Each structure stands twice: as structure tokens, then as C-alpha cells.
Amino acid sequence: MTAEYETHDHDVLIIGAGGAGLRAALGALAQGAKVGVVCKSLLGKAHTVMAEGGIAAAMANVDSADDWRTHFRDTMRGGKLLNNWRMAQIHAQEAPERVRELEQWGALFDRTQDGEILQRAFGGHTFRRLCHVGDRTGLEMIRTLQDRGVQMGIDVYMECTISRLLKDGDRIGGAFGYWREQGRFVVFRAKSIVIATGGIGKAWKITSNSWEYTGDGMALAYGAGAELKDMEFVQFHPTGMVWPPGVQGILVTEAVRGEGGILRNKLGERFMEKYDPKRMELSTRDVVARSIYTEVREGRGTEHGGAYLDISHKASDYVKKKLPSMYHQFRELADVDITKEPMEVGPTCHYMMGGIRVDAETAQSSVPGLFAAGEAAAGLHGANRLGGNSLSDLLVFGRRAGLAAAEHAKTIDTTSIDSGQIEEAARDMLVPFERKDGENPYTIHRDLQEAMQDLVGIFRNQEDLTRALEELEKLKARVGHVGVEGSRMFNPGWHLAQDLKSMLTVSEAVTRSALTRQESRGAHSRIDYPGLDATWGTKNNVIAREGSAMTLRQSPVPEMPNELKQLVVEEK
Amino acid sequence: MAEAIFEVFRGNRDGGKPATYRVPIAPGMVVLDALHYIQAHQAPDLAIRWNCKAGKCGSCSAEVNGRPRLTCKTRMDALPLDKAITVTPMKSFPVIKDLVTDVSWNYRVNKKIPPFEPRPGVEWKMYQRDVDRVQEFRKCIECFLCQNVCHVLREHEEKEQFGGPRFFVRVAALEMHPLDSKSRTRILKDELGIGLCNITKCCTEVCPEEIHITDNAIIPLKERVVDEFYDPVLFLVRKIRGANK
Ligand SMILES: Cc1cc2nc3c(=O)[nH]c(=O)nc-3n(C[C@H](O)[C@H](O)[C@H](O)COP(=O)(O)OP(=O)(O)OC[C@H]3O[C@@H](n4cnc5c(N)ncnc54)[C@H](O)[C@@H]3O)c2cc1C
Ligand code: SF4
Ligand code: SF4
Ligand code: FES
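Source: prediction; values computed, not measured.

K.L.:
Explanation requested: the side chain of Ser41 of chain A in the structure shown.
P.N.:
If you trace the backbone, Ser41 of chain A turns up in the loop between strand E2 (35-38) and strand E3 (55-56). With a relative accessible area of 5%, Ser41 of chain A lands in the buried category. Only 2.6 Å separates the side chain of Ser41 of chain A from the side chain of Glu212 of chain A, close enough to count as a polar contact. Once residues lying within four places of it in the same chain are set aside, the contact partners of Ser41 of chain A are Met158, Glu159, Trp211 and Glu212 of chain A together with Asn51 of chain B.

K.L.:
In this structure, what is going on with the site of ligand 2? I would like to understand it.
P.N.:
Around ligand 2, the surrounding shell consists of Cys150, His151, Pro165, Cys197, Asn198, Ile199, Thr200, Lys201, Cys202, Cys203, Thr214 and Ile218 of chain B. Tallied by class, residues from the shell around ligand 2 come to seven nonpolar, four polar and one charged.

K.L.:
Help me out: how do you make sense of the site of ligand 1 in this one?
P.N.:
Residue and element names in this part refer to chain A. The full set close to ligand 1 counts 40 residues, and Thr48, Gly53, Glu212, Tyr213 and Asp216 are the nearest of them. Note that an oxygen atom of ligand 1 is positioned 2.5 Å from one of the side-chain N or O atoms of Thr48. One nitrogen or oxygen atom from the main chain of Gly388 is found 3.3 Å from an oxygen atom belonging to ligand 1. Across the complex, the protein chains shield 99% of the 1000 Å² of accessible surface that ligand 1 would expose by itself. Broken down by secondary-structure element, the contributors of at least two residues to the shell around ligand 1 are helix H1 (19-30), strand E7 (160-168), strand E14 (343-352) and helix H11 (389-410). Ranked by the residues each element gives to the shell around ligand 1, the list is headed by H11, at four residues.

K.L.:
It is not clear to me how the domain arrangement of chain A should be interpreted in this structure. Could you clarify?
P.N.:
Much of the literature gives interface size as the accessible area that the parts lose upon coming together. Residue and element names in this part refer to chain A. Examined at the domain level, chain A breaks down into domain 1 (236-349) and domain 2 (424-537). The C-alpha centroid of domain 2 is placed 29 Å from the C-alpha centroid of domain 1. Across the boundary between the two partners, domain 1 contributes eight residues, which contact nine residues of domain 2. Joining domain 1 to domain 2, the criterion identifies zero salt bridges. Inspection of the domain 1/domain 2 interface yields two residue pairs in polar contact (both at pLDDT 80 or more). In terms of residue count, the dominant contributor to the side of domain 1 that touches domain 2 is helix H8 (residues 285-300) (six residues). Here the residues of the side of domain 1 that touches domain 2 sort into four nonpolar, one polar and three charged.

K.L.:
Sorry, what's going on with H11 of chain A here?
P.N.:
The α-helix advances 3.6 residues per turn, and as a result positions three or four apart in sequence lie on the same side. Taking 1.5 Å of rise per residue, the 22 residues of H11 of chain A would be expected to cover 32 Å, and the 31 Å separating its terminal C-alpha atoms lies within 8% of that figure. For H11 of chain A, the buried fraction is high: 18 of the 22 residues fall into the buried class.

K.L.:
Sorry if this is basic, but what is going on with the packing of aromatic side chains here?
P.N.:
By convention here, two paired aromatic rings are described through the distance between centres and the angle between planes. What the rule picks out here adds up to 13 aromatic pairs over all chains. Where Trp204 of chain A meets Phe236 of chain A, the ring centres are 6.3 Å apart and the plane angle is 85 degrees; that geometry is what we call edge-to-face. Of this pair, Trp204 of chain A sits in the loop between strand E9 (185-195) and helix H5 (216-223) while Phe236 of chain A sits in strand E11 (residues 234-241), and the two are 32 residues apart along the sequence. Of the two residues examined, Trp204 of chain A and Phe236 of chain A, each falls in the buried class. Through a chain of ring-to-ring contacts, the aromatic side chains of Tyr157, Trp179 and Phe188 of chain A assemble into a single cluster. In this structure, Lys45 of chain A packs its charged tip against the face of Phe144 of chain B, placed 5.9 Å from the ring centre. One Lys or Arg, Lys189 of chain B, reaches over the ring of Phe229 of chain B and ends 4.8 Å from the middle of that ring.

K.L.:
I keep staring at the pattern of salt bridges and nothing clicks. Help me out?
P.N.:
When their charged atoms lie close together, side chains carrying opposite charge are able to pair. Residue and element names in this part refer to chain A. Scanning the model with the defined rule gives 74 salt bridges over all chains in all. Its salt-bridge partner being Glu101, residue Arg23 comes within 2.9 Å of it at the nearest N-O pair. Pair noted here: Arg23 is in helix H1 and Glu101 is in helix H3 (residues 85-104), with a separation of 78 residues, a long-range link. Judged by relative accessible area, Arg23 falls into the buried class, the value being 5%. In this structure Glu101 comes out as buried when scored by relative accessible area, which is 13%.

K.L.:
Would you take a moment to explain the sheet that holds strand E20 (residues 549-556) of chain A for this structure?
P.N.:
The pairing of strands in a sheet comes from backbone hydrogen bonds and takes either a parallel or an antiparallel form. Residue and element names in this part refer to chain A. Taken together, four strands build an open sheet; the order of strands is E15-E10-E19-E20 and the sheet is antiparallel. The open sheet has two edge strands with one neighbour each: strand E15 (355-356) and E20. Pairing between strand E10 (residues 228-229) and strand E19 (residues 539-546): two bridges, direction antiparallel. Bridging across to E19, Leu228 finds its partner in Ile543. Helix-sheet contacts for helix H15 (residues 492-516) involve E10, E19 and E20, and the interaxial angle to E20 is about 45 degrees.

K.L.:
Just to check I follow, could you spell out the nonpolar core for this structure?
P.N.:
Nonpolar side chains tend to gather and get buried jointly when the protein is soluble and globular. One finds Phe72, Leu165, Ile193 and Ile195 of chain A together with Phe6 of chain B to be the most contacted residues of the largest nonpolar core, which totals 253 residues. The dominant element in this core, judged by the number of residues it contributes, is H15 of chain A, at 11 residues. When residues no more than four places from it in sequence are discounted, the contact partners of Phe72 of chain A are Trp85, Ala88, Gln89, Ala92, Met560, Leu564, Leu567 and Val568 of chain A.

K.L.:
Quick question: what am I supposed to make of the environment of Val194 of chain A here?
P.N.:
All names here are of chain A. Counting through the fold element by element, Val194 comes out in strand E9. C-alpha of Val194 to C-alpha of Asn562: the two residues are 368 residues apart in sequence and 33 Å apart in space. Ignoring sequence-local partners within four residues, the contact set of Val194 consists of Val12, Leu13, Ile14, Ile15, Ala24, Phe371, Ala401 and Ala405.

K.L.:
When you look at the packing of helix H13 (residues 441-455) of chain A against H15 of chain A in this model, what are you seeing that I'm missing?
P.N.:
Pairs of packed helices are described in terms of their axes, by the angle between the two and the distance that separates them. Residue and element names in this part refer to chain A. With their axes 9 Å apart at the nearest point, H13 and H15 run at an angle of 25 degrees to one another. With respect to their mutual orientation, H13 and H15 come out roughly parallel. Read as a crossing pair, H13 and H15 show a hand that is left-handed. Residues Pro441, Tyr442, Ile444, His445, Leu448 and Met452 of H13 touch H15, and the partners they reach there are Pro492, Gly493, Leu496, Ala497, Leu500, Met503, Leu504, Ser507, Val510 and Thr511.

Criteria and thresholds
Residues numbered from 1 in each chain as written. Chains lettered and ligands numbered in written order. Predicted model: local features only at pLDDT ≥ 70, side-chain atom pairs only at ≥ 80, totals over all residues. Heavy atoms only, no water. Helix = DSSP H or I, 4+ residues; strand = E, 2+ residues; numbered from the N terminus. Buried < 20%, exposed > 50% of the residue type's maximum accessible area, 1.4 Å probe, protein only. Polar contact = N/O pair within 3.5 Å; in protein donor to acceptor, adjacent residues only side chain to side chain. Contact = heavy atoms within 4.5 Å. Near = heavy atom within 4 Å. Nonpolar A, V, L, I, M, F, W, Y, C, P; charged D, E, K, R; others polar. Areas by Shrake-Rupley, 256 points an atom, 1.4 Å probe, with all protein chains shown as cover. Domains from an automatic or database assignment. Salt bridge = Lys/Arg side-chain N within 4 Å of Asp/Glu carboxyl O. Expected span 1.5 Å × (residues − 1). Phe/Tyr/Trp six-rings, centres within 6.5 Å; stacked < 30°, edge-to-face > 60°. Lys NZ or Arg CZ within 6 Å of the ring centre and 35° of its normal. Pairing = 2+ DSSP bridges. Axes fitted to C-alpha atoms, helices over the stretch in contact; angles between N-to-C directions. Core = buried A, V, L, I, M, F, W, Y, C linked by side-chain atoms within 4.5 Å. Parallel < 35°, antiparallel > 145°, perpendicular 65-115°, else oblique. Left-handed = near helix turned anticlockwise from the far one by under 90°.

See below:
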């Protein structure tokens, strides 16, 4: 059988149309490259649209003492020093310029009295640092980038999913995918590829993430020979909705706490006094999530197994103005008026600190021509991400990836892809249709989510993680027998059958890394190894593929220059 | 457990018909939850769009019992359960499959609109009172429900001459941006056909973001067009008449 497909040529192909992908596209376009952007949903619907609280940048509009050094220090400390220091430095230095640029492209942030961009407090940030638009910052950001992209003439392939990267020898050559609408195949030939596909939250049962978050980009890069890093660090956001069941996991923005929200248990105790008396509700996310979890486990949880989060002491108009979407979300989905009563909240799987290992300056992975930015890449956040540092990450490293990808493309004359790779990719996609008694992909997905939720959650131990690996092996075997009904036309069951493969690869990387790291650091908490371990503090876990086997090694955390070391020493 | 009966449109460009599904009801359930249940247990190939499940992305638009809604924000306990709940695709756009429609026309209209262009040498200062009204328009999540109900698009199929409420909201956001320097009135009149809107307010009624599309976007834009292109005297007369009504 020869597969039928259409072909497109680009200097730079960007997989993903969230903040990172769109900013990368603008960067590459500015270099004169022919750019294509591919995304699974419609343009403007990527995860970035859901971001609420804000974008972190040391602009010092509200607290004049803020500068990049403090932002750098906060980021490194929040990440428990596992971060790539150079990425943290670049991020802190460049974020303000990237935010200003958004404003110059038409974004309208909330304002200070003097007409500057307003900034709010967030967990782990020393100063009020998050530029925001009420609680819909991500919408403002993605629209601004999208409009700018349309104006500059990017080619967008919407509702098109990449299922495999194609190589030209050792370097990247292109990508294979399918149109969701008709199910037809498509091949992109590209001199450079930027992966900006976001995270993996859909592998957990309780999550703030959408159907798109199946770890595709990480699995694609891994399949093409790139390394993954820090995969044990999965962020559980402390405040997701817990009731009613259908909304379980939906995010309650940290801005509620940034604006003064208070956490209490069912006894009315402000329990953060016990866990972090200095920073209280605005402690880092790992700490707050574990605190809520512990309160619930020890029997002090609310009726539906969460904690109370209360903002009703603030004036009703203020709450509606600064947190409008939270107000509507609770009123419409949970029958709770947050200006009058507390919300019930609990931890939800939210963000992946780990991802594709990249060079700090250029965002290039270990595969020549393959770049990565945004949530799909690793390094900036170390063991725990601070709120607001993702949106700024997308802009800073999205731009750098786009520029470097365009530069790389200039060094390549032509790319050629042998048809064997394409045939294999097509066959992989089509086999589920041939299995008449194949298993329902939704059932396998549910079982995966349960395994990851129960065994690779907020608190981990050797026994659970070992069991998780066994479960994942069984699930892999089941995915080998997955079947799909219906035609190739817009068929979500078929799409899920494909996404399951990425989810399993990435879940395995998470579990193996978590099993290896015998300490608790940032978002990774081992009940059997509760403390920080100094030797583990100098190592990152790195995952790579050898043949069909997943290998794990440790690589030393790059050492900071002395002047930066000075910045991060903990004051006594 | 209590059950609801759903009649969901199944079909494609060539036609289709409703299929019946039974779904157990859980507390606080929304229509999108029911559609997911149907996918997982009865029809794995049921085509729908969704992303955020929280009213933030504007992907999950459809008609529930004939009313245009975000399915992720339509609570089952607000619907009568003694008869079947019908779910059909948005009517103004061609069906691709099941509840998924071809909304690409909207992306093409969007391209006609000249982008933000700051005044040269401008100082980047803006005050909250000046951005407030524009921020209202920028809340738009592009669910296209307003496009779906507007009779100019729905019944008269004026898609070539008329941009529709979503894009009046977008133009209003640009025109009222405190630092923008461009005028888009000619495009409003000639290419987006704002004159065809007869202010029925159907768009405003369905907007999940509660944007006052007609009062705050369309009417002020119509006034700008009139100001620029028609007899200023006639314009005054109209204004006075309007005020006396
Ligand atoms: C509810 C919520 C609130 C948040 N609030 C904040 C906040 O206030 N501040 C902050 O800093 N961060 C916040 N975050 C985190 C932040 O929004 C995300 O980390 C960030 O938006 C990710 O951006 P991205 O560009 O990396 O990916 P995304 O925006 O997720 O985009 C991924 C893109 O990749 C595409 N894609 C994926 N797989 C494929 C494939 N196989 N083929 C083709 N395309 C593919 C998708 O279609 C999509 O276009 C929040 C996250 C959530 C879920
Ligand atoms: S007010 Fe105008 S744009 Fe809105 S629905 Fe009526 S005719 Fe259409
Ligand atoms: S204006 Fe309202 S109804 Fe229209 S697309 Fe935007 S959010 Fe939807
Ligand atoms: S799924 Fe995003 S608005 Fe309904």
C-alpha cells in the first residue's frame, strides 16, 4: 500500500499555536523565513487562552524595588535550584521587553493610577509582579499574538495533528500528520521544527488541562531521538474546583489568593499558618498543594474533600471586577456566589515543569534543527514553577526558538525524507481500523488516568511507583489492541487512540524519573524520602530512547557563576 | 440513577438525523459532560469541539433544545428532563460532522480588518477609565454564537456583504483603543456592511461573555459611519429624533 498525502514546504514549521508557538512564528517571520503553524484545535483555542492570573515580568510599575535579579532569585528558589540558571536569567531579563511588545501590538492590560501596566501579587514572587487583565490574561495574550500573526501572514494549519517527526539522516526533516476534519494525511517538509505543544495533564484524572494536553510534543521529540529532562516534576495546582463532580479539576486562579483570598479547613482554621507562616496563602504551589492535601487526609477537609478558599471579605464590586471569570464560573457551574461564600478547592494536575531538553540560548534540542519552547520544553522552572512564569516563558523562549530556528533553516539547502518513514507513519495511524474487536480507547484512557492519579500523584513512594510501571506496561499492551469505530472523518475515538501512545510514553518517563529521584524536592514528594538530598540537588534526570527502550541517566545541574550564586543564597 | 434522554444530530454535509442516547445524570452536570459520556460509552466517533470546559475558549458552541449555547455552561438541571434534550450544530455554518461546523468563514472575515496601529511617537500611557470600555470587547471568546443567531447571516445568507456582530465587536475594540490611529469606518460600511444590521439585539442576548454588542459596539460604530459618510445635518436630525423616542 502507498499512503496518499499532501505535501507542504516550510523553512520553519511550528507545532502548536499557543503563546509559545505564535511567538516563535513571529520571531521566525521577522527573519524572513517561510513559516507554517500547525495546531490540533482552531486558532485561538490553545491552552494559553485559559490562563487567568497573569504574566510575570519585573517591570517595577507597582513595587519600584523589583528588578530582574529578584525575579531571577524567586524563580531559582521556587525551582529548588534545579533550574537551568541561564534560562532563568534570560527569562527574568527579557520578560519586561516581551510584555511591552505585546502592548505595542494592541494588548490592553489593567492599569495603575499613573497609566502604567498594573501588577499583582502571586505565590513565591517577592514583589507585585504579574501583569494581568482581570482573570483573563491568557485570552488577551493569545488574541494579540494571533492578530499580529494574521497581519504578518503566517500560514496556519488548523485542526491538524502531527503524529510523527520525520528525519533527514540525523537532523530534522519534517513532520507527518492528519487533518482532523477529513482524516487525510499530510507531510510537512521543514528545515527547522519548533515544538510548542504544551503539557501532559490529560494523563491524570483530576486536571485543569484540556483534551489537547496529551504530551504529544514530548513524545514526538523523544521518538525522534531528543532527550527529555526533569520529567518527575509535575505541578499540582493547589486550587481546582472539587464540586460538583463534572467540574472537578477546573482551575481556580491563584489570583484569588493574590487578591487576598484566605484558605481555611472545615474547623475554620487558617491552616497555612502551620505550613508556611511567613508566606501563608502566597507560598509556592508545591507547598500549598501539599498543605491542602494533608488537611484533607487528616480529616479536616470540607464536605467534598477540599479546603475553603474565601474572598468574600473583599468588596463585592472589587471581586467582580478583578476576578470576573471566577465569579461566573462558580455562580454558573457550582451555584456559589464567591462574593458572599467561600469556594471549595483542592489540588489539580496543572503543569509540566519537565519536557524537552534544550539549549538555553537557542532552545535547540539534542536533535539538529529541532527546537522546543513553552510548556513542552524543560529547564526554566526546575522542580516547581511560580505562577505567572509560564506566560512570560512562552514569550521569551518562543521568540528565541523562532529566531534560532530561522537561522538554522538558512544553513540547510534542501531536505529529503525517505518514503519508508512516511509509509510507516501512515500504517501506524490506520491499523486501529483493522481490528474489529479492538478495545475502546476511552476505557484505556480512563484506566491510565486512574493509575497516574492514584500512583503518581502529589505524594509518591517506591511501592506505588513500581506498581505504576507495571500498570503502564499492561496499558501499552492494551493500546496495541485498540480499535476504532466509524470513518476517518472527524473521529475523536480515532484521535484518542493515537494520543494514548504519547500519553503512555510521557507517563512512563514521569514514573521512571520519579522512582529514581529518592528525595523530596519542589513538586516531587516522596513519602519514603521526605527531605531534600544534597547530592540529588546537583542532578537532573534525563530520559532518552535507545532502540525501543527508555533509558535514564543523570546529568549535572549546570553551575552558576559566582555573582548569580550570591543572589540566590537563602538569607538566614 | 436518574437518566436523561438526548437526541443528538449525527450526520455530515450530505445530511443526517438525530440519534437517541440515554445518559445517567450526576449533580451539577452540564451538556458537554453528557456528550463526553456518550462518546466514551456509546458513540466513540461522535464529533464535538471543546477545550477548556469552563466557558473560556468558545469551542463548544451548539444548539441545545434549539437555543444557541456553550454546552460546557449549560446545566442539565436547568433543562426539562421529561422530554428528550436535543443537541444540534450551529445553524448558520455548514456542518462538517455531527456537532462540528465549518467556521472558517469567520477567520476569513477577520483578515479584512486592519490591525492596531499606534499613533507614531506615542507615549505608552493609558488610564483604566480609557481602557475599560475596550476591555469589554476584548472579552470575546470567539464562540460565534452571535454570528449564529444574527438573522442577516442566518436567513439572508449575506456572508459576502456582512461581517456579523463578532467582527463589529472586534472593530469597536480597535477603533476605541486609546492609542490607535487608524479609521476603519469605510471598511465597516463597504466590506462589513454594518448598515444591514437593524439592531434586533439577538446577538447581545446570546453572548456568553455578556458583551453589550449592540449598545456598546454596533450603535457607536454606526454613528461613526454616519458621521463620516452622510449628511451631517441629517445625522443631527436623526440623533434628535432618536433621543425623543
Ligand atoms: C486554566 C489554566 C490557567 C493558567 N493560568 C496561568 C497564568 O495565569 N499564568 C501563567 O503564567 N500560566 C498559566 N497557566 C499555564 C499556561 O497557560 C500554559 O503553561 C501555557 O499557556 C502553555 O502554552 P504553550 O504555548 O506552551 O502551549 P499551549 O498554549 O497549550 O498550546 C499548545 C498548542 O500545541 C498544539 N498541539 C499539541 N499537540 C499537537 C500535535 N500533536 N499536533 C499539532 N498541534 C499540537 C495545540 O493544538 C496548541 O495549539 C495556566 C494554565 C491553565 C490550564
Ligand atoms: S443587532 Fe444587528 S448584528 Fe446583532 S443580531 Fe441583530 S442584526 Fe445581527
Ligand atoms: S461577541 Fe460574544 S457571542 Fe459573539 S463571538 Fe464573542 S463571545 Fe461569542
Ligand atoms: S469548552 Fe471552552 S467554552 Fe466550552
